[in-house]
Amino acid sequence: EAAGDGKADQVKVSFSPRSCELRIHAEKLDWVLDLNPLYYEIAPDECKFRVSQSKRITLTLKKKEAYTWLKLLKPDA
């Protein structure tokens, strides 16, 4: 619900080669999904997000190379 329609800057997403951060700004607090570090690299310029009318947020990550990802996040060393 805090995401609204996604057109008034409530939802911000930043993509980098090894991470993705989704931030939803609400009146009293922010929700954050931090995917860092990703197991493999993504192509940030080809990644996108959308907010549907039912307030569902969809993140689409484009792989840099066509590996099969067995895990989304790389474990800490």
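As a reminder, the structure under discussion sits directly above these lines.
Now for a look at the structure at hand. (Residues numbered from 1 in each chain as written. Predicted model: local features only at pLDDT ≥ 70, side-chain atom pairs only at ≥ 80, totals over all residues. Heavy atoms only, no water.)

## A short note on the environment of threonine 60
Here's step 1: Turning to its location among the elements, threonine 60 is positioned in strand β5 (residues 57-60).
Here's step 2: Distance from threonine 60 to arginine 50, taken between C-alpha atoms, is 8.7 Å for residues 10 residues apart in sequence.
Here's step 3: When residues no more than four places from it in sequence are discounted, the contact partners of threonine 60 are Cys47 and Lys48. (Helix = DSSP H or I, 4+ residues; strand = E, 2+ residues; numbered from the N terminus. Contact = heavy atoms within 4.5 Å.)

## Some details on the packing of aromatic side chains
Aromatic ring pairs are defined here through the distance separating the ring centres and the angle between the ring planes.
Here's step 1: Going through the model one piece at a time under the given rule, you end up with three aromatic pairs.
Here's step 2: Ring geometry for tyrosine 40 and tyrosine 67: centres 4.7 Å apart, planes at 25°, overall stacked. In this pair, tyrosine 40 is assigned in the loop between β3 (30-35) and β4 (48-51) and tyrosine 67 in the segment after β5, connecting sequence segments 27 residues apart.
Here's step 3: With a relative accessible area of 26%, tyrosine 40 lands in the partly exposed category. (Phe/Tyr/Trp six-rings, centres within 6.5 Å; stacked < 30°, edge-to-face > 60°. Buried < 20%, exposed > 50% of the residue type's maximum accessible area, 1.4 Å probe, protein only.)

## A closer look at the environment of arginine 23
Here's step 1: With respect to the element layout, arginine 23 can be found in strand β2 (residues 19-25).
Here's step 2: As for arginine 23 and valine 13, which are separated by 10 residues in sequence, their C-alpha atoms are 6.2 Å apart.

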